[in-house]
Amino acid sequence: MNRYPLWKYLIVLAAVLIGVLYTLPNLYGESPAVQIAGAKTAVKVDQDTLSRAEQALDQAGLNPTAGSFEMNGPVGTVRLRFDSTDTQLKAKDQLEKVLNPDPQNPDYTIALNLMSASPNWLTALGAHPMYLGLDLRGGVHFLLQVDMQGALTSRYDSMAGEARTILRDAKLKVEDVERNQQSVRATFATQEDRDAAIDTLRRAMPEMVFTTGQSGDQWLVDGTLSPASITQVQDNALKQNIQTLHNRINELGVAEPVIQQQGGDRIVVQLPGVQDVAKAKDILGRTATLEIHMVDDSPTAMAALASGRVPFGLVRYTDRDGRPLLLRRQVILTGENLQDAQPGRDQQTQQPTVNLTLDSKGARIFRDVTRDNIGKRMAIVLFENGKGEVVTAPVIRSEIPGGQVQISGSMNAQEAADVALLLRAGSLAAPMHIIEERTIGPSLGAANIKQGFDSTLYGFTAIAIFIILYYHLFGVFSTLGLSFNVLLLLAVLSMLQATLTLPGIAAIALTLGMAIDANVLINERIREELRAGLPPQQAIHLGFDRAWATIFDSNLTSLIVGVALLAFGSGPVRGFAVVHCIGILTSMFSSVVGVRALANLWYGRQRKLKSISIGQVWKPKQD
């Protein structure tokens, strides 16, 4: 009656072993480490970088306890672990001297960080510790303000070029089309030209609201975005900036960064484990903006360039080889029009290429520009850390329709991959600036961990003492089941690589209370069966079976609330909900399956069982 088949015991044993294995990494803590990432998107971090770093540290007598090279998507990161913070700080200074000989223009970002101190055999098995949130690990918190006016300005610049192309295709006479503050203004010589143009513009650009006017002998059309279109531009800019921040911060390898929208024009960035605020600001400042301009290679421009002058309407940039170029100020396309960038090879020459995919508007503009400028050069400019650099300036060989653009030149396969990454992850839709910054020190995080751990431990101890005194041996079973539940919960959180925060610790404490409630229901049900005069074996069997319905109903209602918090909550509420939902599932398994396995092992093989240790069974008085 109270005997599990062997496979059920094996399932419980496997669950215990998995729980121990995946909980262990959380007990080893973390070691001070130095992390190396590229300060520029085009700078590669690879196995050679790790070798250079280890050689530089060896020459300085600073030996790391472990070193590793990891790929985060297409970007590499080097991490070096040390036995003390003093060695960590000395190693960081040494690596700065060796890897960044020019401090004003660093090639690498060298940051202080923490690494798991788990032994290699655990890591090889895929057992990693949970990530710790900002309140437990320490780190930096930034609140960024997105310049929505800047996003609209970029949008109007793009639409001015689009309007110019539309009017040219329609063969309509127009004197000038340019952005006029937060609008697009087209100037015409006659009223007839203006009236013909406004109908064409309204059909081709339905997101714009056009009005007419007159200034002297000029006839004007002013176009502004509709309120719905303005909202859409701002939303897209915010989403694109968040995605760009994700791409850039992931390159640094920060564990579980929090990057989320706050309000209509702000972004919250939390970087756990990062204590160097200057480096954190540098990470955020590396977000880049992509622009495409035409190169002016005319004799006049070249003569001016040779004499060091920059004619009106042009701007001077340098390419990656340091050669100067004069570009037209007019922006043809921005990163807003870029959907994807991937490395590839030319099917005819087998040369490495970068293949761009533009959106519909970008494809149309690019088609018209390439058709009208065959034989001329087009420059792709990336603005990074406030500086513009020409990534490539290919010659336009033919009209390029369809939005599929292939860039080729004097670059190898690795450089093509770097350029693709640069273009794919580097575009920023709107400027941003930091309006709030906050640093949480590691000592405060350690204090929060200690307080959370102590509160959970004291609560567990108090529950264990009470349940053992009240239910005797079945109280011991319940306490072991409670320990099993905590073990499973921590293991699942570690396997999911969840981020543990203070609300998460509160959810663990709540899970302990809910788990012991299930055991109380089971024990009291067994007592009721004993009071009804049933033999002990049957009382145990019916006690577990009949308590199951009540346990399931109570946990199901709590799980519904947890799922609702998970679906609609954010930040700390969501962290609480994750631990709460997982804790409900593990508590049901440990209370119903785990504790029953213990009871079956202890009492199941005793055929003539006369009594069980479950505390005082009060029998009703007989009248």
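Residues numbered from 1 in each chain as written. Predicted model: local features only at pLDDT ≥ 70, side-chain atom pairs only at ≥ 80, totals over all residues. Heavy atoms only, no water.

Within the protein chain, the regular secondary structure consists of 17 helices and 23 strands. Expressed as a percentage of the 623 residues in the protein chain, the buried residues total 47%. For the protein chain, the proportion of contacts with a sequence separation of at least 24, taken over those separated by at least 6, is 73%. Accessible area for the protein chain stands at about 30200 Å²; split by element, carbon and sulfur atoms hold 55% of it. (Helix = DSSP H or I, 4+ residues; strand = E, 2+ residues; numbered from the N terminus. Buried < 20%, exposed > 50% of the residue type's maximum accessible area, 1.4 Å probe, protein only. Contact = heavy atoms within 4.5 Å. Areas by Shrake-Rupley, 256 points an atom, 1.4 Å probe, with all protein chains shown as cover.)

This part takes up the side chain of N485. Following the sequence through the fold, N485 ends up in helix α14 (residues 473-495). Residue classification places N485 among the buried residues on the basis of a relative accessible area of 0%.

This next bit is on the pairing of strand β9 (residues 208-215). Of the strand pairs in this sheet, β9 and strand β10 (residues 218-225) are connected by eight bridges, and their pairing is antiparallel. The partner of Q214 across the bridge, within β10, is W219. Turn length for the β9-β10 hairpin, with the two strands adjacent in sequence and antiparallel, is two residues, and the turn residue G216 shows positive phi of about 65 degrees. (Pairing = 2+ DSSP bridges.)

A separate point is the nonpolar core. Of all hydrophobic cores here, the largest spans 27 residues; its most connected members are F474, I526, Y603, I612 and I614. For this core, the secondary-structure elements that each account for two or more residues are α13 (442-471), α14, α15 (502-531), α16 (536-568) and α17 (572-603). The element contributing the most residues to this core is α15, with seven residues. If we ignore the near neighbours within four places in the chain, the residues touching Y603 are L473, F474, F477, Q537, I540, L609, S611, I612 and S613. (Core = buried A, V, L, I, M, F, W, Y, C linked by side-chain atoms within 4.5 Å.)

To continue, consider the UniProt feature "coiled-coil region" (unreviewed entry) in the protein chain. Within the UniProt annotation, "coiled-coil region" (unreviewed entry) is assigned to residues 160-187. Annotated as residues 160-187, this span is 36% helix and 29% strand, and its ends, taken at the C-alpha atoms, are 12 Å apart. (UniProt positions renumbered as here; feature names shortened; annotations may be inferred.)

Our focus in this paragraph is the packing of helix α6 (residues 148-169) against helix α7 (residues 191-204). When two helices pack together, their arrangement is captured by the angle between the axes and the distance separating the axes. As a packed pair, α6 and α7 sit with axes 10 Å apart at the nearest point and diverge in direction by 120 degrees. In terms of their interaxial angle, α6 and α7 are classed as oblique. The interaxial crossing formed by α6 with α7 has right-handed handedness. Counting all contacts with α6, which are made through A163, I166 and L167, the residues of α7 involved are A197, T200, L201 and A204. (Axes fitted to C-alpha atoms, helices over the stretch in contact; angles between N-to-C directions. Parallel < 35°, antiparallel > 145°, perpendicular 65-115°, else oblique. Left-handed = near helix turned anticlockwise from the far one by under 90°.)

With that settled, the discussion passes to a negative patch on the surface. A grouping of E175, D176, E178 and D217 is seen on the molecular surface, where their side chains present a negatively charged patch. Along the chain, the position of E178 falls in strand β7 (residues 176-179). The exposure class of E178 is partly exposed, given its relative accessible area of 41%. (Patch = residues over 30% accessible without salt bridge, like charges linked within 9 Å, V, L, I, M, F, W, Y side chains within 5 Å. Salt bridge = Lys/Arg side-chain N within 4 Å of Asp/Glu carboxyl O. Lys, Arg positive; Asp, Glu negative; His and termini not counted. Charge placed at Lys NZ, Arg CZ, Asp CG, Glu CD.)

The subject of this paragraph is the sheet that holds strand β8 (residues 184-188). Overall, antiparallel pairing links the four strands, which are arranged β7-β8-β10-β9 in an open sheet. Two strands lie at the open edges of the sheet, namely β7 and β9, each paired on one side alone. Each strand of the sheet is rotated relative to its neighbour by a mean of 20 degrees, with strand direction disregarded. Contacts between α6 and the sheet are confined to β7, β8, β9 and β10, with β7 contributing the most and set at about 165 degrees to the helix.

What follows is about the layout of surface pockets. Empty space among the atoms becomes visible once a probe the size of a water molecule is rolled across them. Estimated volume of the largest pocket: approximately 1100 Å³. Lining the largest pocket are 37 residues, and of these N26, L132, I449, F453 and L500 lie nearest its centre. Sort the elements by how many residues they give to the lining of the largest pocket and α13 lands first, with nine residues. Within the lining of the largest pocket, the residues separate by chemical class into 23 nonpolar, 12 polar and two charged. (1 Å grid on protein atoms, 1.4 Å probe; cavity = no way out; pocket = protein on both sides within 12 Å on 5 of 7 lines; lining within 4 Å. Points joined across faces, edges and corners; volume = space filled by probe spheres on them. Nonpolar A, V, L, I, M, F, W, Y, C, P; charged D, E, K, R; others polar.)

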